[in-house]
Amino acid sequence: MHTVTTERQLREQVRQWRESATPLAFVPTMGNLHAGHLQLVRHASSVAGRVVVSIFVNPLQFGPREDFASYPVTLEADQAALVQEGADLLFLPSLAEIYPHGTGATTVVEVPGLNAMLEGEHRPGHFNGVTTVVAKLFNLVQPDIAVFGEKDYQQLLLIRRMVADLCMPIRIDSVATVREPSGLAMSSRNSYLAGADRAIAPQLYQTLLDVQRVLEGGERDYAGVEQAAMQQLAEAGFQPEYVSVRRQADLALPGLADGQLIVLAAAVVGRARLIDNISISVA
Ligand code: PAF
């Protein structure tokens, strides 16, 4: 696996692959790779002849009181894991390479509406940071396919909307959430879980499974179900931020005729802010 750090090196490599018409799949990451990321890379390898992975901890998507400064960096282990998975190229840009005029003066890509609800409401500006950096990375890598995890479901929908709205010729593939045996969704932020918080964290997914059971059992009082789940999380030791039943297709509030739903949740335990979701089919 090659590692490149500049736009010039990246474009030169991609140009060579384009000449041989080899399909290229791209997995953008912020590093600290875990089994969830590696599943994305494996998917990318299964659908394209060449796989590019990026590692860039993007300051633009962190709020002022969030964990940008302490975000875990494990570059050597990440590189070893990517070699093992057969990735072809690692793009490891500097801050100046991505934001040559600084983060405060960059052109911003915004997906209105979707960027303001749920995660967007609790992390103002977060999704503008995500769509801006992903648009830049897409322009640099020029992939045929890009791969994202379903754990960040709202992010996945935003990227799909951005690609459609900006006519980017990129297929967006999604990969199911990889979980620990306890059910806890794999996340780089799980490394913040210490002591008793480790035992509490899996209750987030267990609560979502309870919501799924209740809704699949016929309950349609969504607000009541959300409130009960918030209470369940608080009693388990979380500071819950939201539990919300939404339409899978667009995250709008569901009506009684909507059958394909998703329940999304965010909750803080100790130093870790966790998010998760579960899809639900109701008749
Ligand atoms: O999901 C992530 O790790 C990040 O939001 C992404 C897509 C790499 C953009 O920085």
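For the structure given in this document, a descriptive report is provided here. (Residues numbered from 1 in each chain as written. Predicted model: local features only at pLDDT ≥ 70, side-chain atom pairs only at ≥ 80, totals over all residues. Heavy atoms only, no water.)

Around the ligand, the structure places Pro28, Thr29, Met30, Gln61, Val130, Val133, Val134, Phe148 and Gln155. Within the side chain of glutamine 61, an N or O atom sits 2.6 Å from an oxygen atom of the ligand. Glutamine 155 has a polar side-chain atom sitting 2.7 Å from an oxygen atom of the ligand. In the complex, 89% of the free accessible area of the ligand, which totals 290 Å², lies under the protein chains. The leading source of residues in the shell around the ligand is helix α6 (residues 126–141), at three residues. Split by residue class, the shell around the ligand holds six nonpolar, three polar and no charged. (Near = heavy atom within 4 Å. Polar contact = N/O pair within 3.5 Å; in protein donor to acceptor, adjacent residues only side chain to side chain. Areas by Shrake-Rupley, 256 points an atom, 1.4 Å probe, with all protein chains shown as cover. Helix = DSSP H or I, 4+ residues; strand = E, 2+ residues; numbered from the N terminus. Nonpolar A, V, L, I, M, F, W, Y, C, P; charged D, E, K, R; others polar.)

A few words now on the packing of aromatic side chains. Counted by the stated rule, this structure contains five aromatic pairs. Ring centres of phenylalanine 56 and tyrosine 99 lie 6.2 Å apart, and the angle between their planes is 45 degrees; this geometry places the pair in the tilted category. With phenylalanine 56 in the loop between β3 (50–55) and α3 (75–85) and tyrosine 99 in the loop between α4 (95–98) and α5 (119–122), the pair connects residues that are 43 residues apart, well separated along the chain. Among the residues examined, tyrosine 99 registers a relative accessible area of 4% and is labelled buried. An aromatic cluster is present here, built from Phe26, Phe138 and Phe148 joined pairwise through their rings. Across from the ring centre of tyrosine 205, 3.5 Å away, lies the NZ or CZ of arginine 179, which sits over that ring. (Phe/Tyr/Trp six-rings, centres within 6.5 Å; stacked < 30°, edge-to-face > 60°. Buried < 20%, exposed > 50% of the residue type's maximum accessible area, 1.4 Å probe, protein only. Lys NZ or Arg CZ within 6 Å of the ring centre and 35° of its normal.)

Following the criterion strictly, the structure yields 18 salt bridges and no others. Note that glutamate 7 is salt-bridged to arginine 11, the shortest N-O span being 2.9 Å. Residue glutamate 7 and its partner arginine 11 are located together in helix α1 (residues 7–19), separated by four residues, close to a single helical turn. The exposure class assigned to arginine 11 is partly exposed, which follows from its relative accessible area of 32%. The closest approach of N and O atoms between arginine 171 and aspartate 173, which form a salt bridge, is 2.8 Å. The exposure class of aspartate 173 is buried, given its relative accessible area of 10%. (Salt bridge = Lys/Arg side-chain N within 4 Å of Asp/Glu carboxyl O.)

As summarised here, the arrangement of the three strands in space is β7-β8-β9, forming an open sheet in which the pairing is antiparallel. Only two strands of the sheet have a single partner each, and these edge strands are β7 (239–247) and β9 (272–281). Geometrically, the sheet is characterised by an average inter-axis angle of 10 degrees between neighbouring strands, direction not taken into account. Inspection of the sheet shows β7 paired to strand β8 (residues 260–269) by eight bridges, in the antiparallel sense. (Pairing = 2+ DSSP bridges. Axes fitted to C-alpha atoms, helices over the stretch in contact; angles between N-to-C directions.)

The first and last C-alpha atoms of helix α9 (residues 203–216) sit 20 Å apart over 14 residues, in line with the 20 Å expected at 1.5 Å per residue. Of all the positions in α9, only Leu204, Tyr205, Thr207, Leu208, Val211, Gln212 and Leu215 are classed as buried. All buried residues of α9 lie within an arc of 155 degrees about the axis, which places them on one face of the element. Structurally, α9 contributes buried residues whose contacts are with α8 (196–200), α10 (222–236), β7, β8 and β9. (Expected span 1.5 Å × (residues − 1). Arc of directions from axis to C-beta. Contact = heavy atoms within 4.5 Å.)

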